[in-house]
Amino acid sequence: MKKITLLLISLFSFYTLSAQIEYKFGLKGGVHYSGFSDDGSFVLADSFGFQLGLISEITISNKFSLQPELLYSERKGQDGTKPGDSRSYFFVSERSYIDLPIGVKYSFSDKFHIELGPQLSFLTSDKNTITPYSTNSNPDSELIVNDIDFSANLGFGYSPTEKIIMQLRLNYGFSKVVETFDVKNSMVSLGIGYWIFE
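Along every chain, residues carry numbers that run from 1 in the direction the sequence is written. Under the rules for a predicted model, residues below a pLDDT of 70 receive no local features and side-chain atom pairs below 80 are neither given nor counted, while totals for whole chains, interfaces and linings still include all residues. The basis for the side-chain values is all heavy atoms of the structure; hydrogens and waters are excluded.

A.B. asks: Could you give me a rundown of the overall build of the protein chain, with the residues and numbers involved?
C.D. replies: The way it works is that DSSP assigns letters per residue, a run of H or I at least four long becomes a helix, a run of E at least two long becomes a strand, and they are numbered from the N terminus. A tally of helices and strands in the protein chain yields one helix and eight strands. Its helices and strands taken in sequence order, the protein chain reads α-β-β-β-β-β-β-β-β from the N to the C terminus. Within the span of the protein chain, comprising 198 residues, buried residues form 36% of the whole. Whether two residues are in contact is decided by their heavy atoms, any of which lying within 4.5 Å being enough. For the protein chain, restricting intrachain contacts to residue pairs at least 6 apart in sequence, the fraction spanning at least 24 positions comes to 64%. Per element, the accessible surface of the protein chain, about 11700 Å² overall, is 65% carbon and sulfur. With a 1.4 Å probe rolled over the protein chains alone, any residue whose accessible area is under 20% of its type maximum counts as buried; one over 50% counts as exposed, and the rest are partly exposed. We get accessible surface area from the Shrake-Rupley algorithm with a probe of 1.4 Å; when it comes to residues, only the shown protein chains can shield them.

Written as structure tokens, this is what we have:
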């Protein structure tokens, strides 16, 4: 009898929780300004890119929700030492990723929210160039590019209507882009999403 009672309570609790959770699915696109963070500093290259993909939202309560996304993005970064250095070089990297961010959102109202969460990115293509400034420069010609990138997002969002969401997001990487140089991905993005299914 006790087992049946516990089972009924568990089923009722699950049903109540499921009834409170809401789901949304839609499309998202945007532009970003990307580059590298070097030795803890935030350094951006003069490079714009785009991102496009799917967006979803899982509402847990009136204030908190989760926002998983599946995005394709193109990025560019550069790093180097000053000309005249005996080991001077200039490194340029162009890459594309499949990004999987998950944002934890806190809503101040129906229109404004902040978000924080991790992002896992999978490399789909890359093009890297190393240019030495002097004959004494000997950078590695074979670059080992990491296929997986781990980073974190911090952002602010605004929803002008129930169907549209606008987000300004700062992305800071924790993984090396290539093993040769101690540089990590960094990006500032502006995205617009449209909820198709609610």
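A.B. asks: Describe the packing of aromatic side chains, with residues and values.
C.D. replies: Centres within 6.5 Å make a pair out of two Phe, Tyr or Trp rings, where for Trp the six-membered ring is used; the pair is then stacked when the planes are under 30 degrees apart, edge-to-face when over 60, and tilted otherwise. Summed over the entire model, instances satisfying the criterion amount to eight aromatic pairs. Centroid distance Y106 to F108: 5.4 Å. Interplanar angle 85°. Geometry classified as edge-to-face. Here a set of aromatic residues connected by ring pairs shows up, and it is made of F64, Y106 and F108.

A.B. asks: Which residues make up the pairing of strand β7 (residues 164–176), and what values do they have?
C.D. replies: Should DSSP find at least two bridges between two strands, the strands are regarded as paired. Here strand β6 (residues 148–158) runs beside β7; their pairing, made up of eight bridges, is antiparallel. Across the sheet, the residue bridging to L154 is L170, located in β7. In textbook terms, the turn of a hairpin is the stretch between consecutive antiparallel strands, and for β6 and β7 this stretch comprises five residues.

A.B. asks: Which residues make up the side chain of N153, and what values go with them?
C.D. replies: Relative to the elements of secondary structure, N153 occurs in strand β6. Take N153: its relative accessible area is 5%, and that puts it in the buried class. Ignoring any residue separated from it by four or fewer positions in sequence, one finds N153 in contact with P101, E115, L116, G117, P118, Q119, R169, L170 and N171.

A.B. asks: Can you explain empty space enclosed by the protein? Please cite residues and give values.
C.D. replies: Cavities and pockets are found on a 1 Å grid laid over the protein atoms alone: a cavity is a set of points where a 1.4 Å probe fits but cannot escape, a pocket is an open set with protein on both sides within 12 Å along at least five of seven lines, and a lining residue has an atom within 4 Å of such a point. Grid points are joined across faces, edges and corners, and a volume is the space filled by probe spheres set on the points. In total, this model carries two cavities of 30 Å³ or more according to the counting rule given. Of the voids in this model, the largest cavity is the one considered here, and its volume is about 40 Å³. Top element by residues in the lining of the largest cavity is strand β5 (residues 112–132). It accounts for four residues. Residues are grouped as follows: Ala, Val, Leu, Ile, Met, Phe, Trp, Tyr, Cys and Pro are nonpolar; Asp, Glu, Lys and Arg are charged; every other residue, Gly included, is polar. Considered class by class, the residues forming the lining of the largest cavity number four nonpolar, three polar and two charged. Empty space within the second largest cavity amounts to approximately 40 Å³. What lines the second largest cavity is Q51, L71, Q119, N153, R169, M187 and S189. For the lining of the second largest cavity, the per-class residue count stands at two nonpolar, four polar and one charged.

A.B. asks: So, the nonpolar core: which residues are in play, and what are the values?
C.D. replies: F36, Y97, L123, V145, V177, V178 and V183 together form the largest nonpolar core, which totals seven residues. Setting aside residues no more than four positions away along its own chain, V177 makes contact with F36, S93, R95, Y97, I144, V145, N146, V183, K184 and N185. Each nonpolar core is a collection of buried residues, namely Ala, Val, Leu, Ile, Met, Phe, Trp, Tyr and Cys, held together in the definition by side-chain atoms within 4.5 Å.

A.B. asks: How would you summarise the pattern of salt bridges if you had to cite specific residues and measurements?
C.D. replies: The rule for a salt bridge is simple: a side-chain nitrogen of Lys or Arg has to be within 4 Å of a carboxyl oxygen of Asp or Glu. Under the defined criterion, the tally for this structure stands at eight salt bridges. Its salt-bridge partner being R75, residue D99 comes within 2.7 Å of it at the nearest N-O pair. With a gap of 24 residues between them, D99 in strand β4 (residues 89–107) and R75 in strand β3 (residues 64–80) connect regions that are remote in the sequence. R75 matches D99 in its accessibility class, with the two residues each being buried.

A.B. asks: Help me get a handle on the layout of surface pockets, residues and values and all.
C.D. replies: In this model, the largest pocket occupies a volume close to 620 Å³. What lines the largest pocket is a set of 23 residues, among which K24, E57, S107, S109 and D110 lie closest to the centre. When contributions to the lining of the largest pocket are tallied by element, the ones reaching two or more residues are β1 (22–38), β2 (41–59), β3, β4 and β5. A class-by-class count of the residues in the lining of the largest pocket yields four nonpolar, 10 polar and nine charged.

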